Amino acid sequence: MNPIIKLNKLNKSYKNEFIKTLALQDIDLEVYPGEFISIMGPSGCGKSTLMSVLGLLDNFDSGKYLLSGLEATDLSLDQRAKIRNKHIGFVFQSFNLIDSLTVADNIAMPLQYQGQKAKEIAQKVENVLAQVNLSSRSKHFPAQLSGGQQQRVAIARAIVTNPDILLVDEPTGNLDSKNGDQVMRLLVQLNKQGSTIIMVTHDTRYSQCASKQVQLIDGKIVMENNVKETEVMHEAS
Amino acid sequence: MKPVNYFLFSGLKKLFNQKRFTLPILLSLSITIGLLIGALVIANNNALKPLSGVSKAQNISSVVIDLNMTDTLSFETMTSRADFGQFMRHFDAREQAFVFEKQQSLPQFNGESLDSYVFKAHFAALDIMGTKTIKGSALNERNFESGVWISESLYEKQRQAGNDLLGKTITIGPSAQLVVGIIEDIALPRKLTLASTDTSSNIVNLAVPQVWIFEDFSKIPDSSTDGQMASELSYLYIDTTKVTIPNREDFFKWYLTTVDDSQKMMYEVFLKKPDSNLELSAYREDVMPGAKKMSLFLLLSASLLALIAIVNVTNLFNAYYTARFNEFSVRLIHGARKSVLRRQLMLENTPLMVFSILLAVIIANLFIAFLPLLSLTSLSRNGTMEIDALAITAIIAITLLAFYIGIYLSLSRIKEKALQGYIQSSGKGVSMDYQNPLTKTLVSTQLALTIVFSFAGLAIAYKNYNIAFSDMGYQVEHIHNLELKTDDSDWADSFNKEEQAFYGSDAHQLTSSIVEVIEQSALKVSVISQDYGVLANIYKFYTQLVTKEDGSTQMLSYSPLHLQPGYLEQAGINIIAGKSITTEQYQQNEKVAVVTKNLADAVYPKLSYADIIGKPVNKDSSSIIIGIAENFRRHPSSMSRESAYIFRPDIHITDTLRFTLKTQNGAELNDLLESDLLLSKIQVRHPQIKSLSFKSYQDHVNAATMQQRIIFYTSLILVTFTLLLAVVGISGLTILTTKQKSYELAIRMTQGATRLDLVSLMLKRAVIMLVAGVAVGSVITLWVYDYINLNFNAELPAFNWVALMALILMSSVIYLLSVMLPTWNIVAQNPLSALRRD
Ligand SMILES: Nc1ncnc2c1ncn2[C@@H]1O[C@H](COP(=O)(O)OP(=O)(O)O)[C@@H](O)[C@H]1O
Ligand SMILES: [Mg+2]
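Criteria and cut-off values
- Residues numbered from 1 in each chain as written.
- Chains lettered and ligands numbered in written order.
- Predicted model: local features only at pLDDT ≥ 70, side-chain atom pairs only at ≥ 80, totals over all residues.
- Heavy atoms only, no water.
- Helix = DSSP H or I, 4+ residues; strand = E, 2+ residues; numbered from the N terminus.
- Buried < 20%, exposed > 50% of the residue type's maximum accessible area, 1.4 Å probe, protein only.
- Contact = heavy atoms within 4.5 Å.
- Areas by Shrake-Rupley, 256 points an atom, 1.4 Å probe, with all protein chains shown as cover.
- Rg over C-alpha atoms; globule rule 2.2 N^0.38 Å.
- Pairing = 2+ DSSP bridges.
- Axes fitted to C-alpha atoms, helices over the stretch in contact; angles between N-to-C directions.
- Buried area = accessible area lost by both parts, 1.4 Å probe.
- Salt bridge = Lys/Arg side-chain N within 4 Å of Asp/Glu carboxyl O.
- Polar contact = N/O pair within 3.5 Å; in protein donor to acceptor, adjacent residues only side chain to side chain.
- Nonpolar A, V, L, I, M, F, W, Y, C, P; charged D, E, K, R; others polar.
- pLDDT = per-residue confidence, 0-100.
- UniProt positions renumbered as here; feature names shortened; annotations may be inferred.
- Core = buried A, V, L, I, M, F, W, Y, C linked by side-chain atoms within 4.5 Å.
- Phe/Tyr/Trp six-rings, centres within 6.5 Å; stacked < 30°, edge-to-face > 60°.
- Patch = residues over 30% accessible without salt bridge, like charges linked within 9 Å, V, L, I, M, F, W, Y side chains within 5 Å.
- Disulfide = S-S within 2.5 Å.
- Parallel < 35°, antiparallel > 145°, perpendicular 65-115°, else oblique.
- Left-handed = near helix turned anticlockwise from the far one by under 90°.

**What to know about the overall build of chain B**
A tally of helices and strands in chain B yields 29 helices and 25 strands. Counting over 838 residues, chain B shows a buried share of 54%. Across chain B, the fraction of contacts at a sequence separation of at least 24, relative to all contacts at a separation of at least 6, is 81%. Counting every atom, chain B has about 36800 Å² of accessible surface; 56% of that belongs to carbon and sulfur.

**A look at the overall build of chain A**
For chain A, the count of helices and strands is 8 helices and 10 strands. Radius of gyration (C-alpha) of chain A: 18 Å, near the 18 Å computed for a compact globule of 237 residues. Taking the principal axes of its C-alpha atoms as reference, chain A extends roughly 45 × 45 × 45 Å. The proportion of buried residues among the 237 residues of chain A is 53%.

**Some words on the sheet that holds strand E5 (residues 70–71) of chain A**
Residue and element names in this part refer to chain A. The strand order E2-E1-E4-E5 describes an open sheet built from 4 strands, whose pairing is antiparallel. Edge positions in the open sheet fall to strand E2 (20–31) and E5, since each of these has one partner strand only. The pairing of strand E4 (residues 62–67) with E5 spans 2 bridges and is antiparallel. Counterpart to Leu66 in the pairing with E5 is Glu71. Sheet strands touched by helix H1 (residues 47–54): strand E1 (5–15), E2 and E4. Its angle to E1, the strand with the most contacts, is close to 120°.

**A few points about the interface of chain A and chain B**
If you look at the interface, chain A gives 23 residues, while chain B gives 24 residues. A combined buried area of about 2100 Å² lies between chain A and chain B, and 52% of that area is made up of carbon and sulfur atoms. Linking chain A with chain B are 1 salt bridge, by the criterion used here. At the surface where chain A touches chain B, the tally comes to 3 residue pairs in polar contact (both at pLDDT 80 or more). Elements that contribute at least two residues to the side of chain A that touches chain B include exactly H1, helix H2 (77–87) and helix H3 (103–114) of chain A. For the side of chain A that touches chain B, the residue count by class is 13 nonpolar, 5 polar and 5 charged.

**Describing the confidence of the model for chain A**
Mean pLDDT over chain A stands at 87; residues scoring 70 or higher make up 95%. This model gives residues 229–237 of chain A a pLDDT under 50, and the stretch forms 10 contacts once residues within four places in sequence are excluded.

**Description of the UniProt feature "transmembrane region" (unreviewed entry) in chain B**
According to UniProt, the "transmembrane region" (unreviewed entry) feature falls on residues 21–43, 296–321, 352–377, 389–411, 442–462, 710–736, 766–785 and 805–827 of chain B. Secondary structure content for residues 805–827 of chain B is 100% helix and 0% strand, while the C-alpha to C-alpha distance between its ends is 32 Å.

**Regarding the confidence of the model for chain B**
It should be kept in mind that the predicted coordinates are not to be read in detail where pLDDT is low. All names here are of chain B. Residues at a pLDDT of 70 or more form 80% of chain B, whose mean pLDDT is 78. In the predicted structure, residues 195–203 sits below a pLDDT of 50 and forms 18 contacts with residues beyond four places in sequence or in another chain. In this model residues 423–434 is a low-confidence stretch, pLDDT under 50, and it forms 40 contacts with partners more than four residues away in sequence or in other chains. The ipTM assigned to the predicted complex is 0.78, against a pTM of 0.71.

**Side note on the nonpolar core**
If you look at the biggest cluster of nonpolar residues, it comprises 129 residues, and the most contacted ones within it are Ile5, Leu7, Tyr65 and Ile198 of chain A together with Ile25 and Tyr815 of chain B. At 14 residues, helix H10 (residues 291–322) of chain B tops the list of elements feeding residues into this core. Counting 53 residues, the second-largest nonpolar core is a separate cluster that includes Val476, Ile653, Leu657 and Val701 of chain B.

**Some points on the pattern of salt bridges**
Applying the stated criterion across every chain, the model contains 13 salt bridges over all chains. As a salt-bridge pair, Lys12 of chain A and Asp58 of chain A come within 3.7 Å of each other at their nearest N and O atoms. Placement of the pair is Lys12 of chain A in strand E1 and Asp58 of chain A in the loop between H1 and E4, with a sequence separation of 46 residues. Here the two residues Lys12 of chain A and Asp58 of chain A agree in accessibility, since each one is buried. The salt bridge involving Lys242 of chain B is made with Asp239 of chain B; its shortest N-O contact spans 3.7 Å.

**Digging into the packing of aromatic side chains**
Residue and element names in this part refer to chain B. Enumeration over the complete set of coordinates arrives at 29 aromatic pairs over all chains. Centroid distance Tyr117 to Phe119: 6.3 Å. Interplanar angle 20°. Geometry classified as stacked. Residue Tyr117 is classed as partly exposed on the basis of its relative accessible area of 21%. Between Phe632 and Phe647, the aromatic rings sit 6.2 Å apart at their centres with planes inclined by 50°, giving tilted as the arrangement.

**Looking at the pairing of strand E10 (residues 220–226) of chain A**
For a regular strand, side-chain orientation follows a simple rule: the groups alternate between the two sheet faces. All names here are of chain A. For strand E9 (residues 212–217) and E10, the ladder comprises 6 bridges, and the chain directions are antiparallel. The residue bridging Leu216 from the neighbouring strand is Ile221, located in E10. The antiparallel hairpin formed by E9 and E10 contains 2 residues in its connecting segment, where Asp218 sits at a positive phi of about 50°.

**Looking at the sheet that holds strand E19 (residues 553–562) of chain B**
Residue and element names in this part refer to chain B. Taken together, 6 strands build an open sheet; the order of strands is E18-E19-E23-E21-E22-E20 and the sheet is mixed. Strand pairing shows two members of the sheet lacking a second neighbour, strand E18 (542–547) and strand E20 (575–578), which therefore form its edges. Put simply, the sheet's adjacent strands are angled 35° from each other on average, direction ignored. Strand direction decides the pairing type here: E18 and E19, joined by 6 bridges, are antiparallel. In the sheet register, Gln544 faces E19, and the bridge partner there is Leu556.

**Some remarks on unusual backbone geometry**
Residue and element names in this part refer to chain A. With a phi close to 50°, Lys9 is a non-glycine residue in the positive phi region. Examined against the element boundaries, Lys9 turns out to sit in strand E1. Its identity as a non-glycine residue notwithstanding, Asn96 has a phi of 50°, on the positive side. In this fold, Asn96 is placed in the loop between strand E6 (88–91) and H3.

**Remarks on a nonpolar patch on the surface**
All names here are of chain B. Residues Val776, Ile780, Trp783 and Tyr787 make up a contiguous nonpolar surface patch of about 410 Å² in total accessible area. Relative to the elements of secondary structure, Val776 occurs in helix H28 (residues 755–791). A residue is classified by how much of its surface remains accessible, and Val776, at 44% relative accessible area, is partly exposed.

**Quick look at the state of the cysteines**
All told, the structure shown has 0 disulfides over all chains when counted by the stated rule. You can see Cys45 of chain A has no disulfide; the closest cysteine sulfur is in Cys209 of chain A, sitting 20 Å from it.

**Quick look at the packing of helix H16 (residues 437–469) of chain B against helix H29 (residues 801–828) of chain B**
Each packed pair of helices is defined by two parameters, the angle between the axes and the distance between the axes. Residues and elements named next belong to chain B. Close contact between H16 and H29 brings their axes to 10 Å; oriented N to C, the two are set at 140°. Here H16 is positioned oblique relative to H29, judged by the angle of their axes. Our pair here, H16 against H29, has a crossing hand that is right-handed. In this structure, H16 uses Val443, Leu447, Ile451, Ser454, Phe455 and Leu458 to contact H29, whose residues at the interface are Ala803, Leu804, Leu807, Ile808, Ser811 and Tyr815.

**Section: the packing of helix H27 (residues 742–750) of chain B against H28 of chain B**
Residues and elements named next belong to chain B. Remark: H27 packs on H28, axes separated minimally by 11 Å, with the N-to-C direction vectors making an angle of 130°. Judged by the angle between their axes, H27 and H28 are oblique. Crossing handedness for the pair H27 and H28: right-handed. Seen from H27, the contacting residues are Glu744, Leu745, Arg748 and Met749; seen from H28, they are Leu758, Leu761 and Arg765. Taken together, the residues of the contact of H27 with H28 break down into 4 nonpolar, no polar and 3 charged.

**Regarding the environment of Val311 of chain B**
Residue and element names in this part refer to chain B. In this fold, Val311 is placed in helix H10. On the basis of relative accessible area, Val311 is assigned to the buried category, the value being 9%. Val311 sits 132 residues away from Val443 along the chain, and the two C-alpha atoms are 8.1 Å apart. Contact partners of Val311, with chain neighbours within four places excluded, come to Leu442, Gln446 and Leu449.

**Details of the environment of Ile626 of chain B**
All names here are of chain B. Within the secondary structure layout, Ile626 lies in strand E22 (residues 624–629). Residues Ile626 and Ser580, spaced 46 residues apart in sequence, show a C-alpha to C-alpha distance of 6.7 Å. Aside from chain neighbours lying at most four places away, what touches Ile626 is Ala577, Gly578, Lys579, Ser580, Ile581, Gln585, Val592, Ala593, Val594 and Ile613.

As structure tokens, then:
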């Protein structure tokens, strides 16, 4: 089986007028379809940077990034947008919902960019809302929901297009443990249904759910190991 | 740091750091306030500031009789001033009226001529005008015959040259006069001061150096009434606070008694018409014709621009401060009141205000400096025009007001009760966008105003362009008037013998001997008319009753202009049927005439032009029509070519002899003719001639159309700035909001929106306002256009739908570009950092 994501000696730095920060150094990584990868590491080690590179939100300095066999550096801005729209779903620590849109409209957004029909969109939104257990809140605005509910809306938005890859950046960071557990259960379930998930987390409990753990320090991968059993998950459910 | 200093300091930083916000505000405000103040200063100078030497100008009016001369051909409205002595006696206005006349003679001192004008006036004049005596004796009823009074500028100029004229004797024509007093320079009616030679300066100073001779005009016996209809009659002014104006009927009854018997019939007909009026014309209006109207127009235009600017500023403030709702909420939670917030924001904006004010002052100065250039010639100037303390105060007041309105409106959306909502939401989502109702209203308003003002501005510009720059019906370039004056009117009159044919007459010998001197003096100059041609002073009217097709009769008036062989061709007047006069016909004194199209149409409405040739001018006339000429505009400031003229060889000699010169190959007349030399050459033959001056047709047209040109340029400036403000306002707003919306745009990008998706998202929101603005704007335009036409007698061109559509299209494109370009610019950058903010 071919890897869906393949990074080879990838480097990325941030420059401002005073200083150059090496955010990612010589990253080699392969992700296969159906994998659940957790990325761990101290704050500022480059986890979010890696996620935005993977999600085609940002460029890198050198190295190689093959996404489903496509060279990332060859893609135009609009091609990247199309790929994000069809194949990648994002979940952020701070939810990143649009406050002026209802829950349903927030979720419908990526489908609208695919140009789907209003009826189809409504149907899919309804389905995915049921999946995250928020059917009764579709007309609410984000500010009227709790943090856990907002994050579930964000997940619903990420999965409504049925993406090949879910990029999840500290999904539980802003949540209490009860809400956090609920979100994690949802992700594990999605992975079981076939989604490839790459998740950044601080929480070792949740990283146990992953099939593979990656440890980052100062922009370098210091450890990769495969987890055979997803014991913690069973506990949590 | 004290809070006051803190806010001032942070405001100063913002001035440079937040250019997206400060620059559009700075531009909108300073440009419009600058223009507004420039307009105010000009208006003040033209319409409000006291006239030099006439402190009671608001009390004084001239008596004007408006006679509408024909039924269908609205002949140029004749203005005539009543005979002074008779008027005073009849209506007993001895102490409350005065009159003055301009004298031809040049005053001299020690054999040197004094560069000044001589006026003769009734002795009550200075008192009624409120002119101050600066030195010497004050004028009164007893001493007015003791000598002359001279004006300040003449006195000062001579004193600098070492001559203290007070108490000295100067000569005026044949008489020696003692200078008994020095008075202020008096701002005089335009027609009396327009110097025909002075075309060097664009600005006419209202007060010229003056010498005044006083008489008791009320004792002058009934003079002959000749020249009643001439427009350059003596100027009768009355103090309207003391003299009750006679009613129309009484006045006209009296007026008929002053008219020559031969003209009585004609006047009776005119005076009976309902639109013949007795009117008062304010002194200031005579001094600066049209200045008030123009000032009003300038002020109105500038105020309208300022209105758009305030809409702009409010919009930008609203956008900017909505983004800071979170900050304000936190401040309010911690106990600030809204009034305190407003004060804080005013303080924070003080540096921006100071910059706006400085820039506004600079722009106002530029505007004042450049306006005279636009008018090309003859802008009246009542003393100096400058930005004074009052203007600066006005600038500051308007700026403060604009900022306060902007801040007040943009904070009005904060409801103190709903604070919690702001705090709870992420704070990013509340950021301003086009869904904000105030923004929607303001953007639509701005679009509507843009359409209304540009359309009205363009219509007014178009109308005035037509008057100022379109074809007059005769050639203007390379044609000049030459004016010779004599102070011996008996000599001049001796040439007018009624029954004599012109060619070979004494009058003809006089004019052709002068033509000879002129043409000998300059080889490239030819005299194409022994009069002023189309611009001749009209000394005579013919009136006749003509029968119209439906059997009714109408009164037709027309006036004669001098015709000599080649004139019509040289002057560029088209002959549409028949021919002009030949040299042979001219020399044989054949009774022939060329009439203008209007005259031909009125006299022979049923005949074709070809058939009119060979017919007499009227039943009683022995003159035969040999040609029909195209109509022309004798008055450059009116668009219509409605008057009727007849071209015939006769010339009427007055104390002013006029010639029309044409220079060849575009040569400048000044390079070809030396006026002093020419005068002395003419004086060798005709010593009665005392002065000589030139004026080009172009200068004449420029002077006559000054108002139209100023309005034309001002309207264009209005339209340009209206569009500019729309661009500054809309793109400023878009830049500001798109930047603020980068958070939302970034989220959309993570979900796969392309740049095109984002731009079209912004456009879609903008289009709603575009539609609303265009709809409201079009309706208002229609209404305003009708309203102006009906109520202000503006004579705008017929409403042009195509023009309106074109304008809407243009403003839509400008508007959409103003939305699209800045949006594209921002989404083309990586908006990711917006997501990283926390
Ligand atoms: N836009 C940026 N400009 C400059 N430096 C940045 C930027 N984004 C991140 N960094 C730096 O890059 C490093 C990695 O950041 P990030 O990937 O956000 O870390 P993490 O998500 O692991 O906490 C940090 O040192 C951070 O300060
Ligand atoms: Mg991070």
